[in-house]
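Structural overview
Below, each chain spelled out in residue letters.
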Amino acid sequence: MVDHSMQSSASRSPRRWLFGLLVLLVIAGLCWKFWPGSAAPKEATGQKAVAGHTGRSGGMRPGFGGASGPVPVRVAPAVTGDFPLYFKALGTVTALNTINVRSRVGGELVKIYFEEGQMVKAGDMLVEIDPRPYQNALLQAEGTLLQNQAQLKNAQVDVERYRGLYREDSIAKQTLDTAEALVGQFQGTVKTNQAAVNDARLNLEFTRIRAPITGRVGLRQLDVGNLVAANDTTALAIITQTQPISVAFTLPENSLDTVLARYRSGAKLPAEAWDRGDTKLQATGVLQSLDNQIDVTTGTLKFKARYENRDQSLFPNQFVNVRLLADTLKDVVLAPSAAIQFGTNGTFAYVLDGDKKVKIRQLKVGASDGLNTVVTEGLSAGDRVVLEGTDRLKDGSDVEVVNDSQDVPTTPTEHLQGKSAVNAAEPATTDKAKKGGA
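Residues numbered from 1 in each chain as written. Predicted model: local features only at pLDDT ≥ 70, side-chain atom pairs only at ≥ 80, totals over all residues. Heavy atoms only, no water.

**Some remarks on helix H3 (residues 132-167)**
Over its 36 residues, H3 extends 53 Å from the first C-alpha to the last, a length consistent with the 52 Å expected when each residue adds 1.5 Å. Listed as buried for H3 are Tyr-134, Leu-138, Ala-141, Leu-145, Asn-148, Leu-152, Ala-155, Val-159 and Gly-164. The secondary structure elements touched by the buried residues of H3 are helix H4 (173-206). (Helix = DSSP H or I, 4+ residues; strand = E, 2+ residues; numbered from the N terminus. Expected span 1.5 Å × (residues − 1). Buried < 20%, exposed > 50% of the residue type's maximum accessible area, 1.4 Å probe, protein only. Contact = heavy atoms within 4.5 Å.)

**Considerations on the confidence of the model for the chain**
On average, residues of the chain score 82 in pLDDT, and 80% of them are at 70 or above. Under a pLDDT of 50 for its full length, residues 37-67 has, in the predicted model, 12 contacts with residues more than four places off or in other chains. Scored below 50 in pLDDT, residues 411-438 makes 77 contacts in the model with residues more than four places away or belonging to other chains. (pLDDT = per-residue confidence, 0-100.)

**Overview of the sheet that holds strand S6 (residues 125-129)**
Pairing is antiparallel across the open sheet formed by four strands, whose spatial order is S7-S6-S4-S9. Since the sheet does not close on itself, it has two edges, and those belong to strand S7 (208-210) and strand S9 (227-228), each with one partner. In this sheet, S9 lies alongside strand S4 (residues 107-112) in antiparallel orientation, the contact comprising two bridges. Bridge pairing in S9 links Glu-108 to Leu-227. (Pairing = 2+ DSSP bridges.)

**Section: the packing of H3 against H4**
At a minimum axis distance of 8 Å, the contact between H3 and H4 shows a crossing angle of 160°. In terms of orientation, H3 lies roughly antiparallel with respect to H4. When the axes of H3 and H4 are compared, the crossing they make is left-handed. Looking at the contact of H3 with H4, its residues break down into 20 nonpolar, 12 polar and five charged. (Axes fitted to C-alpha atoms, helices over the stretch in contact; angles between N-to-C directions. Parallel < 35°, antiparallel > 145°, perpendicular 65-115°, else oblique. Left-handed = near helix turned anticlockwise from the far one by under 90°. Nonpolar A, V, L, I, M, F, W, Y, C, P; charged D, E, K, R; others polar.)

**Side note on H4**
Taking 1.5 Å as the rise per residue, H4 with 34 residues should run 50 Å; its terminal C-alpha atoms sit 50 Å apart, in good agreement. For H4, every residue scored as buried is listed here: Leu-176, Ala-179, Val-183, Phe-186, Val-190, Asn-193, Val-197, Ala-200, Leu-204 and Phe-206. On the buried face of H4, the contacting elements are H3 and S7.

**A closer look at the sheet that holds strand S3 (residues 98-101)**
The strands making up a sheet are joined through hydrogen bonds of the backbone, oriented either antiparallel or parallel. A sheet is described by the order of its strands in space; here four strands give the open sequence S3-S10-S8-S5, paired in antiparallel fashion. At either end of the open sheet lies a strand with only one pairing partner, and these are S3 and strand S5 (119-120). Looking at chain direction, S5 and strand S8 (residues 215-217) are connected through two bridges and run antiparallel. When the sheet's bridge partners are listed, Val-120 is paired in S8 with Gly-215.

**Some remarks on the environment of Ala-339**
Relative to the elements of secondary structure, Ala-339 occurs in the loop between strand S15 (319-336) and strand S16 (341-343). Along the primary structure Ala-339 and Ala-76 are separated by 263 residues, whereas in three dimensions their C-alpha atoms are 8.6 Å apart. Apart from residues lying up to four places away in sequence, Ala-339 is in contact with Phe-348, Ala-349, Val-385, Val-386 and Leu-387.

**Looking at the pairing of strand S17 (residues 346-353)**
Most of S17 sits out of view: six of its eight residues are buried. Sheet topology places S16 next to S17; three bridges connect them, and they run antiparallel. Within S17, the residue paired with Gln-341 across the bridge is Phe-348. Linkage of S16 to S17, two consecutive antiparallel strands, is achieved through a turn of two residues. In this sheet, strand S18 (residues 357-362) lies alongside S17 in antiparallel orientation, the contact comprising six bridges. What sits directly across from Phe-348, in S18, is Gln-362. Counted along the chain from S17 to the antiparallel partner S18, the turn is three residues long, and its residue Gly-354 has a positive phi close to 85°.

**Digging into the environment of Phe-83**
The residue Phe-83 is located in strand S2 (residues 79-95) in this model. Once the C-alpha coordinates of Phe-83 and Asp-331 are considered, the two residues, 248 residues apart in sequence, prove to be 7.9 Å apart.

**Observations concerning the pattern of salt bridges**
Pairing between side chains becomes possible if they bear opposite charge and their charged atoms approach one another. Enumeration over the complete set of coordinates arrives at 18 salt bridges. Measuring nitrogen to oxygen at the nearest pair gives 3.0 Å for the salt bridge that ties Arg-74 to Glu-388. Of the two residues, Arg-74 sits in strand S1 (residues 71-77) while Glu-388 sits in strand S21 (residues 384-388), which places them 314 residues apart along the sequence. Judged by its relative accessible area of 39%, Glu-388 falls in the partly exposed class. In this structure, Lys-364 and Glu-377 form a salt bridge, with 3.7 Å as the shortest nitrogen-oxygen distance. (Salt bridge = Lys/Arg side-chain N within 4 Å of Asp/Glu carboxyl O.)

**Notes on unusual backbone geometry**
Residues Gln-243 and Pro-244 are joined by a peptide bond in cis, for which omega reads -5°. Inspection of the secondary structure puts Pro-244 in the loop between strand S10 (237-240) and strand S11 (245-252). For Asn-231, which is not a glycine, the phi torsion comes out positive at approximately 55°. Looking at the element boundaries, Asn-231 is found in the loop between S9 and S10. Under the relative-accessibility criterion, Asn-231 is labelled exposed at 59%. Although it is not a glycine, Asn-317 adopts a positive phi angle of roughly 70°. Among the secondary structure elements, Asn-317 is positioned in the loop between strand S14 (300-307) and S15.

Listed below in structure tokens is the structure:
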């Protein structure tokens, strides 16, 4: 009899050897894959990747690690020119005259002669109130006047008769005096009646309401058939005078010296009105008047500028941006505002010293329009100043000029015709990061 346990043991033995062989093959493959000798190709690949960041000379580019070279910069020259000194303020368009047309008599509104929003001239008919009651009142007053005029005439005839009789000593002096007093009484009555006639005629004229000024009529408040009361709170129409028109604005008190000096000298200061977005010039006028005191709560003074407004571009109560030309600085040094830096030692700029180096130049600056800045001290016309790349510079740094704007920069006058506005009351600033350790 065969031993079954010995047979099963013999059959499992080859399987164990086969499984062990597979395990050894897997271990050998993993060891070959992760053996340290395979790091050499990777290291060579990494060196190629690093070399991809180097320049043609094999050195690292500035700002990316490794050896540093000249700093690439953009430069532009300072120039000499005229600088218009503008002051910018928010303004409100105001009509020179605003009239609330009301009725001076009461009655039914029978006719409207104007269209809403139309332009009317002084004296044009606007509305008409039923005139019949006032025509009757005028006739009544004229009738009373005629009666008293007849009585006055009769009394005057009696006085002349009594004077003749008195000269003949036919009547007493008292009779003549009484007749003369009666004449005076009737004369007073006639004057009263004449005033009543004039008043009735005036009331009749008031039934035909006319435009008191030239201007634009607003939306009507009442319709035909409505009853109108004398001096009613509801206006029949509102007329605004829009030609010419004015703009009210304020300026801070620290900006008044230049404006007041020019205004008191009799100069006509141009005032431009730009739209709310400060992108479109709507009208050009002149400074007309100023207030007599400074507002202590805001430290500002109110001004008014007048505009002809022939094209009706300005509308009452419209908000505008006002640019007041206070003065024009002649033959001043102008530098791009982007080149002006601010540090612990004050205002400065990086100026090219030759073609390969820069040096720090301390400056004194004046007004700015956002594009150009007036330099009162520290620069001369032709000096080339650094516009971009200043964050990596210091005094004496080597530079490489990648863009040299040799052409004359945009003048302030040309710049004003664009989107930006001049505000001489604010110091010159740039939108770049400023180097604080100059």
